[in-house]
Amino acid sequence: MSLDERRAKSTAWALTFADVVTLLLTFFVLLLVMLSDAEKRLSTLIEKLLDETYEEMTTGLSYDNIAVDRETKGIKITITGNLFKSTSSEIDPKYYDVVHQIGQLIADSDLMNINSREEHKSLLEIIDQNNAILNVEIRCEGHTDDAKLPPNAEYPSNWELSAARSLNLVRLMNKNAGMPEKYFSALGYGEFRPVVDVSNISDFKEKQRGRAMNRRVEIYLDAFLKNKGYIEKDINI
């Protein structure tokens, strides 16, 4: 046997190994593509549910001081005006029916009732096959204007005031709609995220209009997939 033949024989295994590695690489690429397609399909179906809920919201909430927007990650409901009493976290009773209506629209939506509606059975099966669950979140964010609170105010700053307002709105919405507390969260940003920068506005009336727009509550309705493994981990912790 010549030297070349011996060399060829000693390296033959490398060609077989290279073929196996190439096949495995191809398999994993195909698997990633399949998983990506499945995720895109699920994302599209969830976005459709959010679109339907958005249409229900825009039809049901026809008020001058309520805006409903479809955002990248969900639905935003913005309430401006005198929803709360001045420097207080107490909700004005005249807004109780409005808050009840918002909560009821969310509670009656397909998004919140996906587990009990036959038309969404196939979507739930696909989600389960992907070892995931549909996580729905109702997040309330409170905002105030930049006016300082009086010395005798109940709260030391707009930060605490906005957080308390947000929490009270969540409590009222939860009470009226009867949805489990696990869906809700409340945050307060004080005057630090204004929609109108009033610092450079000299006209008094114009500044007051800007401050009125900054005094608002934003309710976010979002839905996304969460891996079951993370849920079980959280429970164990």
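Cut-offs used in this document
- The residue numbering used here restarts from 1 in each chain and proceeds along that chain's sequence as written.
- Thresholds applied to this predicted model are a pLDDT of at least 70 for local features of residues and 80 or more for the giving and counting of side-chain atom pairs; totals over whole chains, interfaces and linings are not thresholded and use all residues.
- To obtain the side-chain values, all non-hydrogen atoms of the structure were included, while hydrogens and water were left out.
- Going along the chain from the N terminus, every DSSP run of H or I of four or more residues is numbered as a helix, and every run of E of two or more is numbered as a strand.
- Summary of the burial criterion: residues with accessible area below 20% of their type's maximum are buried, those above 50% are exposed, and those between are partly exposed, where the area comes from a 1.4 Å probe applied to protein chains only.
- What makes two residues a contact is simply this: any of their non-hydrogen atoms within 4.5 Å.
- All accessible-area figures derive from a Shrake-Rupley calculation using a 1.4 Å probe, and residue coverage is judged against the displayed protein chains alone.
- Regarding the arc, it is the one traced by the directions from the helix axis to the C-beta atoms.
- Residues adjacent in sequence count toward polar contacts only when both atoms are side-chain atoms; beyond that, a polar contact is any pair of N or O atoms within 3.5 Å, and within protein one must be able to donate a hydrogen and the other to accept it.
- Should DSSP find at least two bridges between two strands, the strands are regarded as paired.
- Axes, fitted as lines to C-alpha atoms, cover a helix only where it is in contact. Angles between the N-to-C directions of the axes lie from 0 to 180 degrees.
- What we call a nonpolar core is a set of buried Ala, Val, Leu, Ile, Met, Phe, Trp, Tyr and Cys residues that are connected through their side-chain atoms within 4.5 Å.

Novice: So what about the overall build of the chain? Which residues, and what values?
Specialist: Helices and strands together make up the secondary structure of the chain, namely seven helices and five strands. In the chain, the succession of α and β elements from N to C terminus is α-α-β-β-α-α-β-α-β-α-β-α. Burial status across the chain gives 35% buried among its 237 residues. In the chain, 69% of the contacts between residues at least 6 apart in sequence involve partners at least 24 apart. Per element, the accessible surface of the chain, about 15,000 Å² overall, is 55% carbon and sulfur.

Novice: Which residues make up helix α6 (residues 204-214), and what values do they have?
Specialist: Every buried residue of α6 is listed here: Gly 210, Arg 211 and Asn 214. Take α6 and look down its axis: the buried residues cluster within an arc of 100°, on one side only. Of the surrounding secondary structure, the elements contacted by the buried residues of α6 are β3 (132-143) and β5 (216-227). Measuring from the backbone nitrogen of Lys 205 back to the side-chain oxygen at the start of α6 gives 3.3 Å, which picks out Asp 203 as the cap.

Novice: Break down the environment of Arg 211 for me, with residues and values.
Specialist: Within the element layout of this structure, Arg 211 appears in helix α6. For the pair Arg 211 and Ala 147, spaced 64 residues apart in sequence, the C-alpha to C-alpha distance is 8.3 Å. Ignoring sequence-local partners within four residues, the contact set of Arg 211 consists of Asp 145, Asp 146, Ala 147 and Val 198.

Novice: Summarise the sheet that holds strand β4 (residues 184-188); cite the residues concerned and give the values.
Specialist: Taken in spatial order, the five strands make up an open sheet running β1-β2-β5-β3-β4, and their pairing is mixed. The sheet terminates laterally at β1 (66-71) and β4, the two strands that pair on one side only. Across the sheet, the axes of successive neighbouring strands diverge by a mean angle of 20°, strand direction being ignored. With six bridges joining them, β1 and strand β2 (residues 74-80) adopt antiparallel strand pairing. Bridging across to β2, Ile 66 finds its partner in Ile 79. Set on the sheet, helix α5 (residues 158-177) makes contact with β3, β4 and β5; between it and β4 the angle comes to about 160°.

Novice: Lay out the pairing of β2 with the relevant residues and their values.
Specialist: A regular strand places its side chains on the two faces of the sheet in alternate fashion. With six of its seven residues buried, β2 lies for the most part within the structure. Between β1 and β2, which pair antiparallel one after the other, the connecting turn spans two residues. Alignment of β2 against β5, held across seven bridges, turns out to be antiparallel. Counted as the bridge partner of Thr 80 is Arg 216 from β5.

Novice: Before we move on, could you go through the nonpolar core and cite the residues and values that matter?
Specialist: Among the nonpolar cores identified, the biggest contains 43 residues, and Ile 102, Ile 106, Ile 138, Met 179 and Ile 219 are the most heavily contacted of them. At the level of secondary structure, the elements contributing two or more residues to this core comprise α2 (12-60), β1, β2, α3 (96-108), α4 (121-129), β3, α5 and β5. Non-local contacts of Ile 102, meaning those with residues more than four positions away in its chain, are made with Met 57, Leu 61, Ile 66, Ile 77, Ile 79, Met 173 and Ile 219. Counting residues in each nonpolar core, the second largest holds five residues, with Leu 149, Tyr 155, Leu 161 and Ala 164 among its members.

Novice: Can you lay out the side chain of Glu 218 for me, pointing to particular residues and giving the numbers?
Specialist: Along the chain, the position of Glu 218 falls in strand β5. Under the relative-accessibility criterion, Glu 218 is labelled buried at 6%. Only 3.4 Å separates the side chain of Glu 218 from the side chain of His 143, close enough to count as a polar contact. Side chain to side chain, Glu 218 and Arg 216 meet in a polar contact 2.9 Å long.

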